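Secondary and tertiary structure notes
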Amino acid sequence: MSSQRKCPFHATIAETEAKLVQSLCDVLQRCANRALESNGTFRVGLSGGSLVQLLTRALVSSNLNTKCWKFFFCDERYVPDDHNESTFWAYKTQMLTQLPNISDSQLIKPNTTISLDSCASEYAACIRDEFGTSCPEFDLLLLGMGPDGHTCSLFPEQPIALSESRRIVIPIRNSPKPPPERITFTLPLINNAKDVVFVVTGASKSDVVKRVFADKDKNFPSAWVEPTHGDLTLIADKDAGETFLNSAYQ
Ligand SMILES: O=C1O[C@H](COP(=O)(O)O)[C@@H](O)[C@H](O)[C@H]1O
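None of these values were measured; they are calculated from a predicted model. (Residues numbered from 1 in each chain as written. Predicted model: local features only at pLDDT ≥ 70, side-chain atom pairs only at ≥ 80, totals over all residues.)

**Description of the overall build of the protein**
Within the protein one finds seven helices and nine strands. Against the compact-globule benchmark of 18 Å for 250 residues, the protein has a radius of gyration of 17 Å, which places it among compact chains. Every one of the 250 residues in the protein was classed for burial, and the buried ones make up 42%. (Helix = DSSP H or I, 4+ residues; strand = E, 2+ residues; numbered from the N terminus. Rg over C-alpha atoms; globule rule 2.2 N^0.38 Å. Buried ≥ 20, exposed ≤ 12 C-beta atoms within 10 Å, placed from the backbone.)

This is how it looks when you write it as structure tokens:
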């Protein structure tokens with residue numbers, strides 16, 4: 001199952017981790033400059049997993065002024081804030097400790113002390129309030145992708161989540177990847193962003209990178225990410241990008 005992609009698409013397959021980090025810095029600089037010039041705040045959505053360390057490296061190695069940046073969570077695990085599975089906790093302990101200029105208050109996190117349903121709906125309301133619109137437009141979303149093609153907490157085993165058309169953040173139960181309870185951005189919010197960038201590393205993802213970005217195979221949730229008025233970018237290391245590079249995409 002494949003289809004034509006409607007948005008501009010850019011791909012960088014980096015030879016070294018240093019080059020991958022530099023590509024990420026370039027994206028951050030471009031998107032931050034545009035946002036800061038137009039409205040004085042740069043609003044970026046973060047993913048968890050391998051992105052935490054890569055983004056930390058990018059920000060540590062750059063001279064970017066992050067004072068007017070706000071960080072949101074494209075998905076979050078429904079666990080206490082100081083749990084080792086919490087994406088917020090990963091950023092707080094791994095990124096903020098190395099970047100003292102970024103304060104806790106710049107991380108706009110979901111409240112996981114209330115019920116899972118309330119956590120999702122309250123976070124949606126918080127994002128709508130922040131943007132002052134029912135259709136928020138993030139300046140940049142940084143997404144990861146699992147070897148199964150999941151992104152955010154949108155998993156191939158739960159295709160119903162991909163058809164959500166009204167809510168911008170939904171609860172996820174029985175996630176195939178632990179922990180089982182999560183909240184996640186939905187496609188209407190993801191695809192309304194000005195820039196969406198996948199950062200993907202590791203040989204275990206080589207096949208799925210090709211299936212998603214070259215074949216546009218809609219069996220994988222990541223292939224549903226197609227910004228309606230923004231750009232889609234893939235930044236992969238050479239292990240994750242190898243099959244894609246050798247594919248018909250050339
Ligand atoms: O569970 C999750 O996994 C994806 C991918 O993580 P990675 O470590 O394979 O890069 C991540 O993007 C998502 O935010 C997270 O909740």
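Still more to cover.
**Overview of the UniProt feature "domain: Glucosamine/galactosamine-6-phosphate isomerase" (unreviewed entry) in the protein**
Look at the UniProt record and you will see "domain: Glucosamine/galactosamine-6-phosphate isomerase" (unreviewed entry) annotated at residues 16-233. As annotated, residues 16-233 comprises 33% helix and 16% strand, and the C-alpha atoms at either end are separated by 18 Å. (UniProt positions renumbered as here; feature names shortened; annotations may be inferred.)

**A look at the sheet that holds strand β4 (residues 75-77)**
In spatial order, the strands read β4-β7-β6; together these three strands make up an open sheet with antiparallel pairing. This sheet does not close on itself; its edge strands, each paired only once, are β4 and β6 (169-172). Between one strand axis and the next, the sheet turns through 15° on average, direction left out of account. As defined by bridge partners, β6 adjoins strand β7 (residues 182-185) across four bridges and the pair is classed as antiparallel. From the neighbouring strand, P171 faces β7, where its bridge partner is I183. Those strands touched by helix α4 (residues 116-131) are β6 and β7, and its axis lies near 165° from that of β6. (Pairing = 2+ DSSP bridges. Axes fitted to C-alpha atoms, helices over the stretch in contact; angles between N-to-C directions. Contact = placed C-beta atoms within 7 Å.)

**Some remarks on the pairing of strand β2 (residues 42-46)**
Within β2, five of the five residues are buried, leaving the element largely enclosed by the surrounding structure. Burial of the side chains of β2 extends over both faces: F42, V44 and L46 are buried on one face and R43 and G45 on the other. Regarding the hand of the β-α-β motif, the stretch spanning β2, helix α2 (residues 51-61) and strand β3 (residues 69-73) is right-handed. Summarising the sheet, β2 and strand β5 (residues 140-143) pair through two bridges and their orientation is parallel. Of the residues in β5, the one forming a bridge with V44 is L140. (Right-handed = clockwise from strand over helix to strand, strands pointing away.)

**With respect to the pairing of β7**
On a regular strand, one side chain projects to one face of the sheet and the next to the other, so that they alternate. Residues of β7 alternate between two faces, with R182 and T184 on one and I183 and F185 on the opposite face, all of them buried. Across three bridges, the pairing between β4 and β7 is antiparallel. Of the residues in β7, the one forming a bridge with E76 is I183.

**Structural notes on the nonpolar core**
Ranked by size, the top nonpolar core spans 68 residues in total, and within it L24, L46, L141, L142, L143, V197 and V199 carry the most contacts. Sort the elements by how many residues they give to this core and helix α1 (residues 17-39) lands first, with eight residues. Apart from the residues within four sequence positions on either side, L24 is in contact with L54, L55, A58, V199 and I235. (Core = buried A, V, L, I, M, F, W, Y, C linked by C-beta atoms within 7 Å.)

**Examining the site of the ligand**
By nearness alone, every residue bordering the ligand is listed as S47, G48, G49, S50, L51, D75, G144, G146, S153 and K177. Here the shell around the ligand is built from residues that sort into one nonpolar, seven polar and two charged. (Near = placed C-beta within 6 Å. Nonpolar A, V, L, I, M, F, W, Y, C, P; charged D, E, K, R; others polar.)

**With respect to α4**
The first and last C-alpha atoms of α4 sit 23 Å apart over 16 residues, in line with the 22 Å expected at 1.5 Å per residue. All of the buried residues in α4 are C119, A120, Y123, A124 and I127. Seen along its axis, α4 keeps its buried residues to an arc of 130°; they face one direction. Within α4, the exposed residues directed more than 90 degrees away from the buried face are D117, A125 and D129. Of the surrounding secondary structure, the elements contacted by the buried residues of α4 are β3, β6 and β7. Immediately downstream of α4, the backbone of G132 shows phi near 70°, a positive value. (Expected span 1.5 Å × (residues − 1). Arc of directions from axis to C-beta.)

**Comments concerning unusual backbone geometry**
P179 follows P178 through a cis peptide bond whose omega is -5°. Counting through the fold element by element, P179 comes out in the loop between β6 and β7. Unlike most non-glycine residues, N174 shows phi in positive territory, near 55°. Inspection of the secondary structure puts N174 in the loop between β6 and β7. According to the C-beta neighbour criterion, N174 is exposed, with 9 such atoms within 10 Å.

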